[in-house]
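Per-entry structural report
One letter stands for each residue in the lines below.
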Protein chains: 2
Amino acid sequence: MNPTFMREAIRLSLVKMRRHHGGPFGAVVVRQGKIVGRGWNQVTSTNDPTAHAEVSAIRSACRRLKTFRLDDCELYASCEPCPMCLAAIYWARLRCVFYGNTRKDAARIGFDDDLIYRELARPISRRKIPMKQLLRKAASVALVEWKAKTAKVSY
Amino acid sequence: MNPTFMREAIRLSLVKMRRHHGGPFGAVVVRQGKIVGRGWNQVTSTNDPTAHAEVSAIRSACRRLKTFRLDDCELYASCEPCPMCLAAIYWARLRCVFYGNTRKDAARIGFDDDLIYRELARPISRRKIPMKQLLRKAASVALVEWKAKTAKVSY
């Protein structure tokens, strides 16, 4: 844990917000005491709803390190990650996460990550966005083929 | 609901897997009866752990429609979305979701979305990836400034 890296995440959250890139959130990915990826919210400036600070920092670090796994990296985020970013952290297999503001702090200024956390924990039938299953049998062909495939990169 | 769009999502899941782009998953975003975004898993081929089919389809549709909101769009995914993709669906505000395979089907071929669903529902202190709060006061400055900011695009 090194507060210097959190200060950089906070600096990004401020500077990029002031330049109208998006919401007030910054993040950095750190490997062996060095920043290997920087990210900040760019949702509204790039028309990408997935361009949160943490996702952007992870994408940046993966590009730089030429890998889809960040096992030996830490993430410093100016705010507690939303469910999308937290799941991305699990997929990227980051070692640990440091965060500044909490999701409650974010909710108070209009970013309702907490609602999405609650929705994800609900059974499909009780979610706000309706979800329906369709053509399961046809869809399963790809899964069966993947399982049998020998030349594949698992993750 | 139109099975034709699900068939296209399934087609992508098969074709792109066979071309070694990544896991066996495809998705399309549909607006007013037309496909406006296509996506497929490209995690291992592009070194981007966030390049799942649904995230890729959402990004593609947003680029094309020049918006970060897909309120009037539907998503067809060959498999039930993982928590990262589902949260992205909420952020993009898609109207509804159709899916083929379930998360249990995906788990059986080695994609453990279900583990991440369970982790997200846990309190921070009980998660596998350690998370610690740091410099909250310094981090809060950006949130206060955002709240007071008048020239901003909310989402």
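Just above, that's the structure.
Here's a quick rundown of the structure. (Residues numbered from 1 in each chain as written. Chains lettered and ligands numbered in written order. Predicted model: local features only at pLDDT ≥ 70, side-chain atom pairs only at ≥ 80, totals over all residues. Heavy atoms only, no water.)

Take the pattern of salt bridges next. Pairing of side chains with opposite charge becomes possible as their charged atoms draw close. With the rule as written, the count across this model stands at 29 salt bridges over all chains. In this structure, Glu-74 of chain B engages Arg-95 of chain B in a salt bridge whose closest nitrogen and oxygen atoms are separated by 2.8 Å. Of the two residues, Glu-74 of chain B is situated in strand E3 (residues 73–79) and Arg-95 of chain B in the loop between helix H4 (83–92) and strand E4 (96–101); the sequence distance between them amounts to 21 residues. Looking at Arg-95 of chain B, the relative accessible area reads 45%, which means it is partly exposed. Each member of the salt-bridge network shares a partner with another, and the members are Glu-80, Arg-103, Lys-104, Asp-114 and Arg-118 of chain A. (Salt bridge = Lys/Arg side-chain N within 4 Å of Asp/Glu carboxyl O. Helix = DSSP H or I, 4+ residues; strand = E, 2+ residues; numbered from the N terminus. Buried < 20%, exposed > 50% of the residue type's maximum accessible area, 1.4 Å probe, protein only.)

Right, let's talk about helix H7 (residues 136–148) of chain A for a bit. Counted at 1.5 Å a residue, the expected span for H7 of chain A with its 13 residues is 18 Å, and the 19 Å between its end C-alpha atoms agrees. Of the positions making up H7 of chain A, those classed as buried are Ala-139, Ala-142, Leu-143 and Trp-146 of chain A. Angular distribution of buried residues about the axis of H7 of chain A spans 95°; they occupy a single face of the element. Those residues of H7 of chain A that are exposed and aimed more than 90 degrees away from the buried face are Lys-137, Val-144, Lys-147 and Ala-148 of chain A. Structurally, H7 of chain A contributes buried residues whose contacts are with helix H1 (3–18), E3, E4 and helix H5 (103–108) of chain B. (Expected span 1.5 Å × (residues − 1). Arc of directions from axis to C-beta. Contact = heavy atoms within 4.5 Å.)

Moving on: the sheet that holds E3 of chain B. The strand order across the open sheet formed by five strands is E5(A)-E4(B)-E3(B)-E1(B)-E2(B), and the pairing between neighbours is mixed. Either end of the sheet is taken by a strand with one partner, and the two such strands are strand E5 (131–133) of chain A together with strand E2 (34–40) of chain B. Averaged over neighbouring strand pairs, the angle between their axes works out to 20° when direction is ignored. Here six bridges tie strand E1 (residues 26–31) of chain B to E2 of chain B, and the two strands are oriented antiparallel to one another. By the bridge assignment for E2 of chain B, Gly-26 of chain B is matched with Trp-40 of chain B. (Pairing = 2+ DSSP bridges. Axes fitted to C-alpha atoms, helices over the stretch in contact; angles between N-to-C directions.)

For the pair chain A and chain B, the relating rotation is 180°, the translation along its axis is 0.0 Å, and the fit reaches an RMSD of 0.0 Å. Each copy turns onto its partner about a two-fold axis. Taking C-alpha positions as reference, the residue of chain A nearest the rotation axis is Met-84 of chain A, located at 2.0 Å. When the interface residues of chain A are mapped onto chain B, 100% of them again lie at the interface, so the same face is used by both copies. (Least-squares fit on C-alpha atoms with pLDDT ≥ 70 in both.)

Turning our eyes to something else, we now look at the pairing of strand E2 (residues 34–40) of chain A. For E2 of chain A, a buried count of five out of seven residues is recorded, marking the element as mostly surrounded by other parts of the structure. In sequence, strand E1 (residues 26–31) of chain A turns back onto E2 of chain A through a hairpin of two residues, with Gln-32 of chain A there showing a positive phi of about 45°.

Facing the 89 residues of chain A at the interface are 89 residues of chain B. Summing both partners gives a buried area of about 8000 Å² for chain A against chain B, and 69% of it is carried by carbon and sulfur. Among the residues of chain A in contact with chain B, Tyr-90, Trp-91 and Tyr-155 of chain A are the three that bury the most area, contributing 10% of the side total. Summed over the shared surface of chain A and chain B, the result is six salt bridges. With its nearest N and O atoms 2.9 Å apart, the salt bridge here joins Arg-59 of chain B to Asp-48 of chain A. Inspection of the chain A/chain B interface yields 32 residue pairs in polar contact (both at pLDDT 80 or more). The leading source of residues in the side of chain A that touches chain B is H7 of chain A, at 10 residues. Here the side of chain A that touches chain B is built from residues that sort into 52 nonpolar, 17 polar and 20 charged. Here three bridges tie E5 of chain A to E4 of chain B, and the two strands are oriented parallel to one another. (Buried area = accessible area lost by both parts, 1.4 Å probe. Polar contact = N/O pair within 3.5 Å; in protein donor to acceptor, adjacent residues only side chain to side chain. Nonpolar A, V, L, I, M, F, W, Y, C, P; charged D, E, K, R; others polar.)

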